[in-house]
Amino acid sequence: MMVDEARRHALHQLGVWMFLGTVTMLFGAFTSAYLVRRGGLDWQMVRLPSVLWVTTAVLAASSGTFELARRAARLGRVAEARLGMVATLLLGLGFLGGQLSAWQSLAGAGVLVQTHPHGAFFYTLTGVHALHLAAGLVLLVAALTRLWRLAPDGVVCWAVTASTAATFWHFLGGVWLYLFVLLSTR
């Protein structure tokens, strides 16, 4: 039985890494288009909303709470693991709420997809990231649901299977840092 669980985990991890490879290529293509378009004569940088600094910190904190949950699970501390996963989920939702606030702020300032090239890239890149983050939230809900249903002696096993969700979640955090730097520097 343990071999089947290990094989299943390895296949899930491989699938996530293959998916992340395609996501990396997608954002690489967007980056190439962005860098080429940025050289246009009509290019003007948009002053990004300050809420993005907060959302960046929130997303970084969510990676930290995810790791605290995994560590607690490895130590058999079920309540702490559950709390860490709930915190991760709430921080992820907070990040998305902050993104929505940033989009509303830019739209209120007249920065729209059809009127501003830098704004168009901002909406596109952050929108695609937000879609992937929403998928990550689904993975978090699935991991949290599984954690909640486990008997206390199964929580250590959960920490291993949660590594697939953690890989995806931490990758999204890294992509966000990359996008934030790309979109906010000249």
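An account of the accompanying structure is given in this report. Here the structure is a predicted model, which is why all the values come from computation and not from measurement. (Residues numbered from 1 in each chain as written. Predicted model: local features only at pLDDT ≥ 70, side-chain atom pairs only at ≥ 80, totals over all residues. Heavy atoms only, no water.)

The next thing to look at is the packing of helix 3 (residues 78–108) against helix 4 (residues 117–149). Packed helix pairs are characterised by how far apart their axes lie and by the angle those axes make with each other. Contact geometry of helix 3 with helix 4 gives a least axis separation of 10 Å together with a crossing angle of 160°. On the basis of the axis angle, helix 3 is roughly antiparallel to helix 4. For helix 3 against helix 4, the interelement crossing comes out left-handed. Of the residues assigned to the contact of helix 3 with helix 4, the class counts are 22 nonpolar, six polar and one charged. (Axes fitted to C-alpha atoms, helices over the stretch in contact; angles between N-to-C directions. Helix = DSSP H or I, 4+ residues; strand = E, 2+ residues; numbered from the N terminus. Parallel < 35°, antiparallel > 145°, perpendicular 65-115°, else oblique. Left-handed = near helix turned anticlockwise from the far one by under 90°. Nonpolar A, V, L, I, M, F, W, Y, C, P; charged D, E, K, R; others polar.)

Within this structure, the stated rule accounts for nine aromatic pairs. Centroid distance Trp43 to Phe121: 6.2 Å. Interplanar angle 55°. Geometry classified as tilted. Of the two residues, Trp43 is situated in the loop between helix 1 (2–37) and helix 2 (51–74) and Phe121 in helix 4; the sequence distance between them amounts to 78 residues. By relative accessible area, Phe121 is classed as buried at 16%. Centroid distance Trp53 to Phe180: 4.9 Å. Interplanar angle 85°. Geometry classified as edge-to-face. (Phe/Tyr/Trp six-rings, centres within 6.5 Å; stacked < 30°, edge-to-face > 60°. Buried < 20%, exposed > 50% of the residue type's maximum accessible area, 1.4 Å probe, protein only.)

With that settled, the discussion passes to the packing of helix 2 against helix 3. Put simply, helix 2 and helix 3 touch, their axes get as near as 8 Å, and they point 165° apart. Viewed along their axes, helix 2 and helix 3 adopt a mutual orientation that is roughly antiparallel. Of the two possible hands of crossing, helix 2 and helix 3 adopt the one that is left-handed.

Its place among the elements puts Ser163 in helix 5 (residues 155–184). If we ignore the near neighbours within four places in the chain, the residues touching Ser163 are His9, Gln13 and Arg70. (Contact = heavy atoms within 4.5 Å.)

Another aspect to go through is the nonpolar core. Grouped burial of nonpolar side chains is what soluble globular proteins tend to show. One finds Phe66, Met85, Phe122, Trp158 and Trp169 to be the most contacted residues of the largest nonpolar core, which totals 51 residues. Mapped onto this core, the elements with two or more residues apiece are helix 1, helix 2, helix 3, helix 4 and helix 5. Here this core gets 16 residues from one element, more than from any other, and that element is helix 5. Residues contacting Trp169, with those up to four places away along its chain left out, are Leu59, Ser62, Ser63, Phe66, Thr88, Gly92, Leu133, Gly136, Leu137 and Leu140. (Core = buried A, V, L, I, M, F, W, Y, C linked by side-chain atoms within 4.5 Å.)

Here we take up the environment of Leu182. If you trace the backbone, Leu182 turns up in helix 5. Looking at Leu182, the relative accessible area reads 10%, which means it is buried. Separated by 148 residues in the primary sequence, Leu182 and Tyr34 place their C-alpha atoms 9.1 Å from one another. Apart from the residues within four sequence positions on either side, Leu182 is in contact with Thr31, Tyr34, Leu35, Arg38 and Leu125.

Among the surface-exposed residues, Leu11, Leu14 and Met18 lie close enough to one another that they form a single nonpolar patch of about 330 Å² accessible area. Mapped onto the fold, Met18 is located in helix 1. On the basis of relative accessibility, which here comes to 55%, the residue Met18 falls in the exposed class. (Patch = residues over 30% accessible without salt bridge, like charges linked within 9 Å, V, L, I, M, F, W, Y side chains within 5 Å. Areas by Shrake-Rupley, 256 points an atom, 1.4 Å probe, with all protein chains shown as cover. Salt bridge = Lys/Arg side-chain N within 4 Å of Asp/Glu carboxyl O.)

Without other data, these values stay purely geometric and don't point to any function.
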